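Here's the letter readout for the chains.
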Amino acid sequence: MSTFSGDETAPFFGFLGAAAALVFSCMGAAYGTAKSGVGVASMGVMRPELVMKSIVPVVMAGVLGIYGLIIAVIISTGINPKAKSYYLFDGYAHLSSGLACGLAGLSAGMAIGIVGDAGVRLLRRKMKLVSIPILRRNKIPTFALHHDISQCPAAQAFVGMILILIFAEALALYGLIVGIILSSRAGQSRAD
């Protein structure tokens, strides 16, 4: 007669944590890419020469999925009940690890998408202010550009957008760090 200790269901929670890390991080990456990609597409229509400068939010959003992949691989390699006992504590540690990384990636992706879209659109508007038309006698306008780049409104907008994107990306990095710490706690519940 075998007794049910609950530890038989522990791998379920571990695998759920691996799935949560990957799914939520990829949802954040997808949202950030789609939302900021709308701004990049808008920039491509109006100012095609600025598209490469505007692609920074898309790249930063794509990194979020990698964070979830890292935690999912760490968790899944730690689940092997045949080689070593896997208890409920271990399953819960892996579940919390996956949720910490995944939900931090989701929130960072939302922040990156919103800031990226608004920042790229602001950059497009500010670039219109950079070129000041000067009319000459032949009525063909030429454009005077800012000579001091620090005074250029477009450069100031771009630097501000990049700083906000870096801090939004840091949110996902915090989730990755906490996820690694939590997953390292698995296997420490009982002395074997």
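In the nomenclature of an unreviewed UniProt entry, the protein corresponds to V-type proton ATPase proteolipid subunit from the organism Kingdonia uniflora. For the record of the protein, the UniProt heading Function (unreviewed entry) holds the text "Proton-conducting pore forming subunit of the membrane integral V0 complex of vacuolar ATPase. V-ATPase is responsible for acidifying a variety of intracellular compartments in eukaryotic cells." A UniProt comment under Sequence similarities (unreviewed entry) is attached to the protein, and it reads "Belongs to the V-ATPase proteolipid subunit family."

**Q** Please explain the UniProt feature "domain: V-ATPase proteolipid subunit C-like" (unreviewed entry) in the protein as it appears in this structure.
**A** Per the UniProt record, "domain: V-ATPase proteolipid subunit C-like" (unreviewed entry) is annotated on residues 16–75 and 156–182. Helix makes up 100% of residues 156–182 and strand 0%, and the two end C-alpha atoms of the span are 40 Å apart.

**Q** Explain the UniProt feature "transmembrane region" (unreviewed entry) in the protein here, please?
**A** The positions that UniProt labels "transmembrane region" (unreviewed entry) are, in the present scheme, residues 12–34, 55–75, 95–120 and 157–182. Structurally, residues 95–120 comprises 100% helix and 0% strand, and the distance from its first C-alpha atom to its last is 37 Å. What you have in residues 157–182 is 100% helix and 0% strand, and the ends, taken at the C-alpha atoms, are 38 Å apart.

**Q** Honestly, helix 3 (residues 56–78) in this entry has me stumped. Any pointers?
**A** Every α-helix carries 3.6 residues per turn, so stepping three or four residues along brings you back to the same face. Between its first and last C-alpha, helix 3 extends 35 Å over 23 residues, near the 33 Å set by a 1.5 Å rise per residue. Looking only at helix 3, the buried set comprises P57, M60, A61, L64, G65, Y67, G68, I71, A72 and I75.

**Q** Quick question: what am I supposed to make of the confidence of the model for the protein here?
**A** Low-pLDDT portions of the prediction should not be read for the details of their coordinates. Mean pLDDT for the protein: 83, with 80% of residues reaching 70 or above. Taken element by element, the predicted model of the protein shows its lowest mean pLDDT in strand 2 (residues 142–144) (48) and its highest in helix 3 (93).

**Q** Looking at this structure, I do not really get the pattern of salt bridges. What am I missing?
**A** Working definition: two side chains of opposite charge can pair if their charged atoms are close together. Summed over all chains, the structure comprises 2 salt bridges. For K35, the salt bridge identified is with D117, shortest N-O distance 3.8 Å. Remark: D117 occurs in helix 4 (residues 88–130) and K35 occurs in helix 1 (residues 10–46); sequence separation between them is 82 residues. Residue classification places D117 among the buried residues on the basis of a relative accessible area of 9%. Notably, a salt bridge pairs D117 with R121, separated by 2.8 Å at the nearest N-O pair. Of the two residues, D117 and R121 are both situated in helix 4; the distance of 4 residues between them amounts to about one turn of the helix. In this structure, a network of salt bridges that share partners links the residues K35, D117 and R121.

**Q** Even after reading the chapter, I still don't get the packing of aromatic side chains, so can you show me in this structure?
**A** For any two aromatic rings, the description comes down to two numbers: the centre-to-centre distance and the angle of the planes. A complete count under the given rule lists 2 aromatic pairs for this structure. Arranged with centres 5.3 Å apart and planes meeting at 70°, the rings of F12 and F13 form a pair that is edge-to-face. Ring pairs connect the aromatic residues F12, F13 and Y92, which therefore count as one cluster.

**Q** Sorry, what's going on with the side chain of E169 here?
**A** Mapping E169 onto the fold places it in helix 5 (residues 153–184). For the buried residue E169, which engages in no salt bridge, the nearest side chain bearing the opposite charge is K35, 17 Å off. Not counting residues up to four positions away in its chain, the partners in contact with E169 are M60, V63, L64, Y67 and I112.

**Q** When you look at the environment of C26 in this model, what are you seeing that I'm missing?
**A** Within the secondary structure, C26 sits in helix 1. Here the alpha-carbon distance between C26 and G102, two residues 76 residues apart in the chain, equals 8.1 Å.

**Q** Please clarify how a nonpolar patch on the surface should be interpreted in this entry.
**A** A surface patch of nonpolar side chains, about 480 Å² in accessible area, is lined by L171, L173, Y174, I177 and I181. Here Y174 lies in helix 5.

Cut-offs applied
Residues numbered from 1 in each chain as written. Predicted model: local features only at pLDDT ≥ 70, side-chain atom pairs only at ≥ 80, totals over all residues. Heavy atoms only, no water. UniProt positions renumbered as here; feature names shortened; annotations may be inferred. Helix = DSSP H or I, 4+ residues; strand = E, 2+ residues; numbered from the N terminus. Expected span 1.5 Å × (residues − 1). Buried < 20%, exposed > 50% of the residue type's maximum accessible area, 1.4 Å probe, protein only. pLDDT = per-residue confidence, 0-100. Salt bridge = Lys/Arg side-chain N within 4 Å of Asp/Glu carboxyl O. Phe/Tyr/Trp six-rings, centres within 6.5 Å; stacked < 30°, edge-to-face > 60°. Lys, Arg positive; Asp, Glu negative; His and termini not counted. Contact = heavy atoms within 4.5 Å. Patch = residues over 30% accessible without salt bridge, like charges linked within 9 Å, V, L, I, M, F, W, Y side chains within 5 Å. Areas by Shrake-Rupley, 256 points an atom, 1.4 Å probe, with all protein chains shown as cover.

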